[in-house]
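As a plain string of letters, each chain reads:
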Amino acid sequence: MSKTTTKTAETIENVEFPSFDASKATDQIRAFAEKGVEQSKEAYTKLKNGAEETQKVLESTYETAKTVSNDLSLKTIAILRSNAEANFSHLEALIGAKSLSEVVELQTAFLRKRVELAVEQAKEFQTVASKAVEDVSKPVKTAFEKAFKDAKAA
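Fair warning: this is a prediction, and the values are worked out from it, not measured in the lab.

Undergrad: I would appreciate a short explanation of the side chain of N83 in the present structure.
TA: In this fold, N83 is placed in helix α2 (residues 22-95). For N83, the side chain forms a polar contact with the side chain of R114, separated by 2.2 Å. Reaching out from N83, the side chain makes a polar contact with the side chain of Q121 at a distance of 3.2 Å. Apart from residues no more than four positions distant in its own chain, N83 is found in contact with R114, L117 and Q121.

Undergrad: For this particular structure, what's the right way to read the pattern of salt bridges?
TA: Where charged atoms from two side chains of opposite charge approach closely, those side chains can pair. Applying the stated criterion across every chain yields a total of three salt bridges. Residue R30 pairs with D27 through a salt bridge whose shortest N-O separation is 3.5 Å. One end of the pair is R30 and the other is D27, both in helix α2 and three residues apart, which spans about a single turn. Look at R30 and you get partly exposed, because its relative accessible area is 46%. The salt bridge involving D135 is made with K131; its shortest N-O contact spans 2.8 Å. Taken together, the residues D135 and K131, both in helix α3 (residues 100-153) and four residues apart, mark about one turn of the helix. A relative accessible area of 26% places D135 in the partly exposed class.

Conventions we followed
- Residues numbered from 1 in each chain as written.
- Predicted model: local features only at pLDDT ≥ 70, side-chain atom pairs only at ≥ 80, totals over all residues.
- Heavy atoms only, no water.
- Helix = DSSP H or I, 4+ residues; strand = E, 2+ residues; numbered from the N terminus.
- Polar contact = N/O pair within 3.5 Å; in protein donor to acceptor, adjacent residues only side chain to side chain.
- Contact = heavy atoms within 4.5 Å.
- Salt bridge = Lys/Arg side-chain N within 4 Å of Asp/Glu carboxyl O.
- Buried < 20%, exposed > 50% of the residue type's maximum accessible area, 1.4 Å probe, protein only.

Here you go:
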């Protein structure tokens, strides 16, 4: 043998390789897998709870939106009915007018009343609509704030 080969053989004989203990590796793999399963269970539980809370919020929001929609519809119908009755009353008054000056006077008074009433009705409708938006958005806003707070805590 050559000198280099002899040196390499001696070096290899002097080097110790750590022994591989399969039972320790198995325990480590088992612990790692159990930890992964536990984390998955926790994540699933959080996801499930979040989904259930979201479903409750959506159901509540739907019911609120339905109620508010009915209120807005009833308010709109009341406004339309009031306007139709006022228009018919005005038409009856115009038919009963005796002169052109009376027609002009009735028309002027009617238009003035209609503008004032339209402003009043718009304010009322705006109040109802604002309340509706607030009522519908409140549960969603609360749920979002809670979810954000929970995510921040985690």
